Amino acid sequence: MTTLTFITKNALRNKRRALLCILSVAVSLFLLVTLLVALREVTVPPEDIGAALRVVVRNKISFTNPLPARQRAVIERIPGVAAVSPFSWFGGKYKNEEMMTFGQFAMDPKLIRPIFGEAKMPEEQYQAFEADQTACIIGKLTAEKYQLKIGDRLPLTSIIYPCSIELKIAGIYEGTIDDRNALFHHKYLDEAGGSDGWVGMWWVKVRSIEEMPRVTDSINRAFANSSAEVRAETERAFQLSFVSMWGNIKILVHSICSVVVFTLMLVTASTMSMAIRERFRELAVLKALGFRRRELFAFILAESFGLAAVGAVLGIGAAWVFYTQISIAKLTQGIFITFEVTPKIIGQAALVAASLGIVASIAPSIAVARTSVVDGLRTLD
Amino acid sequence: MALPIKYNIRNVIVRWRATLATILGVALVVAVYMLVQSLAVGLEQSSGNTGDPRNVMIVRKGSTAESSSQITREQFRLLPYLPQIARDSQGRPYVSADVIVLINLLRRDLKAEAHVLVRGISPVGMKLRPQVRLVGGRWFDPGKREVVVSRRLAARIGHFEIGDTFKTGGKALTVVGWLEGGQSAFDSEVWMDADEARSLFYRENYSSVLVRARDDAAAAGLIDRIESDKRLPLQALPEVKYYSAQTMTAMPIKILGDFLATAMSIGAVFAAMNTMYASVGSRTREIGTLRVLGYRRRTILLSFLIEGAFLALVGGVLGCLLSLPMHGYSTGTISFESFSETVFQFRITPWLAAKGLTFSVIVGVAGSLLPAVRASRLPVIVALKAV
């Protein structure tokens, strides 16, 4: 019998316990991966390909305060600016739904391709959208969720504008990081909403990465000391400003992660010591046969490490398969979009599993080291 | 004939080393569940605490929160003449139009940003909200760029000490006092003069109107009157009802709590199972003896279930105790209704504790069911022979 088979046989001598131990490690690691992925998605929101060249301009007071439409001409004249579109969040509830389930934004329809180049849609749908002022385009996820087709009506009631509107779906796009939003003509909003002359934000496309800092700076300076001071920042910085608004929720999830890890350690360590205590006599026999302490420690460590490793493969693997195979956007109604299990998270979870294997073997090893051969032989289970 | 419960309890205590880890495991699961749910409870309580039963809140039809509502001055001018509205000793109606503005401010670390709700309020509006008290400094003077901030918000936002100034929209505002909202939604607000707020933030319209009805019947009449008036695209509802509906933010927290509890309890059930199997295994001879003495299988099954439930209950109690120090601790996140920083407290209620304990007992029973079945099925002779 080789050392390896000896360790395997030992680990599996009580199959039920080994299984329970592996399963509890697997469940805990699955949970840990889920929490880490969710936390990453909330704190590091997924980034669109075109985001690097986009600048978001909002009212300096906060994004809920509108900006005057006259600012557009000023921004367009700034060197390095390729395109400027108004971008107003409509805050509409679909049909009779209680909550908003997707975003709707009013913008300049001609500027969708220059600014949001990653949205893919057939040419004739673009043309149909541009031609009809009551038309809108929607993301694939929303279309699938409500089973909407081209030509269908999209009735929306706004929570911020004093109006309800009915849009005609002219196209369905895909390819952005979050294919849920609806986009429609800003002119239509101006006429329906009675907020003519005001927009929510400006979204600006900059010609090259090198010009980004200068352009954002120029936009900020252009409206300094005016009645509507602005804050221009990269799309990324704008997204991250939402993250900081989550406040203490991040700390909460972090502490939960640590509690999960701690509980996991506790449970596995106790199972391991149970398994070792059960065969104190055998270990004493091994000692009497001339095995040294170092070798006994190695047996215990290998067994505990092996159980943790199998649990880790099961738990992390299940999380990886589950979150890559199913559409998490559909499952969570769009709260989470990508839910990507990154190599870094897999590494973190594997590290937890490895240290778990080591920590769990400490207590039994100490117990074995302390007991003399005679005492060990005398133990009755 | 039932085995005395003392037998099971003593068993748990005798094997304390083996059971300690399980108890701690269950305790941590229960503690996590309680803490997350106590956040949801705190959020709900803070909105439930808000408002005066005599007041009626008026916002634009279709808007879900004051901060996204708009009431034009023409609409507002019609309201004070409604006969259902109470009047003070000088005959002036209790009507107050407020302006709500959300502003970006730096947090206390002066790095991250938060979204803070500023309420432009009139002297009548302050009278209509008697639960708000001044706890430091003085009230703002009308017509000056002065604000009174919530004391609890001051613990989270930078430059909110009395005497500090902060800039918004290019203008400086001075903090002259701290208010205390009695653990209501007002604890997340900054108050200033309504007209000053309108000129400072270039607001033509008001956000909401708060009125006091003469009595309950008048309140119902007033709500009917406003809802049925075609000229007014407004909706009216009791202030208390308006605030108690603002609990959307609590939903995801509740879901998170339930998800965590479910996932973690699966792990805890495995742990309890392990402990109970070991407990059954090392007591094989004892069980055989009990059977010989005439105890029935059913009794033994029940006794092990009780033992598992008791074990987990001890963990549950410990979990409750672990979560208790957080009770009343103030925390904050963004509200999904007002899009602004909401301050609230961890609230551990007896009802929540009862839920946590029930939960722990379920974990205990689920974990000990299979081991108990095994114990009850042990053949007597084999059991007695076991070493």
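Draft legend 1. Main features of the packing of helix H2 (residues 15–43) of chain A against helix H14 (residues 343–370) of chain A. All names here are of chain A. Taken N-terminus to C-terminus, the directions of H2 and H14 make an angle of 145°; their axes are 10 Å apart at the nearest point. For the pair H2 and H14, the sense of crossing is right-handed. Taken together, the residues of H14 that come into contact with H2 (itself represented by Val25, Leu29, Leu32, Val33, Leu36, Val37 and Arg40) are Ile345, Gln348, Ala349, Val352, Ala353 and Leu356. Its residues assigned to classes, the contact of H2 with H14 comprises 11 nonpolar, one polar and one charged.

Draft legend 2. A look at the domain arrangement of chain B. Residue and element names in this part refer to chain B. When the domains of chain B are assigned, the result is domain 1 (5–47 + 248–385) and domain 2 (62–232). On a C-alpha basis, the centres of domain 1 and domain 2 stand 46 Å from each other. Tallying the contact residues gives 14 residues for domain 1 and 16 residues for domain 2. Together, the buried faces of domain 1 and domain 2 total about 1,200 Å²; carbon and sulfur atoms form 46% of this surface. The three residues of domain 1 that bury the most area against domain 2 are Ser46, Glu341 and Val343, which together make up 45% of that side's buried surface. Our enumeration of links across domain 1 and domain 2 arrives at two salt bridges. Salt-bridge contacts for Arg156 lead to Glu341; the nearest nitrogen and oxygen are separated by 3.0 Å. At the junction of domain 1 with domain 2, the criterion picks out nine residue pairs in polar contact (both at pLDDT 80 or more). Every element with two or more residues in the side of domain 1 that touches domain 2 is listed here: helix H2 (16–48), strand S11 (330–334) and strand S12 (341–345). Looking at which element gives the most residues to the side of domain 1 that touches domain 2, the answer is S12, with four residues. Its residues assigned to classes, the side of domain 1 that touches domain 2 comprises two nonpolar, nine polar and three charged.

Draft legend 3. Broad picture of the interface of chain A and chain B. Of the residues lining the interface, 48 residues belong to chain A; the matching set on chain B comes to 54 residues. Both sides together, the interface formed by chain A and chain B hides about 4,300 Å², and carbon and sulfur atoms give 69% of it. Where chain A meets chain B, there are two salt bridges. Between Glu113 of chain B and Arg58 of chain A there is a salt bridge, with its nearest N and O atoms 3.7 Å apart. Inspection of the chain A/chain B interface yields 12 residue pairs in polar contact (both at pLDDT 80 or more). At the level of secondary structure, the elements contributing two or more residues to the side of chain A that touches chain B comprise H2, helix H9 (235–245) and helix H10 (249–278) of chain A. Per-element accounting of the side of chain A that touches chain B gives the leading share, 13 residues, to H10 of chain A.

Analysis parameters
- Residues numbered from 1 in each chain as written.
- Chains lettered and ligands numbered in written order.
- Predicted model: local features only at pLDDT ≥ 70, side-chain atom pairs only at ≥ 80, totals over all residues.
- Heavy atoms only, no water.
- Axes fitted to C-alpha atoms, helices over the stretch in contact; angles between N-to-C directions.
- Helix = DSSP H or I, 4+ residues; strand = E, 2+ residues; numbered from the N terminus.
- Left-handed = near helix turned anticlockwise from the far one by under 90°.
- Contact = heavy atoms within 4.5 Å.
- Nonpolar A, V, L, I, M, F, W, Y, C, P; charged D, E, K, R; others polar.
- Domains from an automatic or database assignment.
- Buried area = accessible area lost by both parts, 1.4 Å probe.
- Salt bridge = Lys/Arg side-chain N within 4 Å of Asp/Glu carboxyl O.
- Polar contact = N/O pair within 3.5 Å; in protein donor to acceptor, adjacent residues only side chain to side chain.

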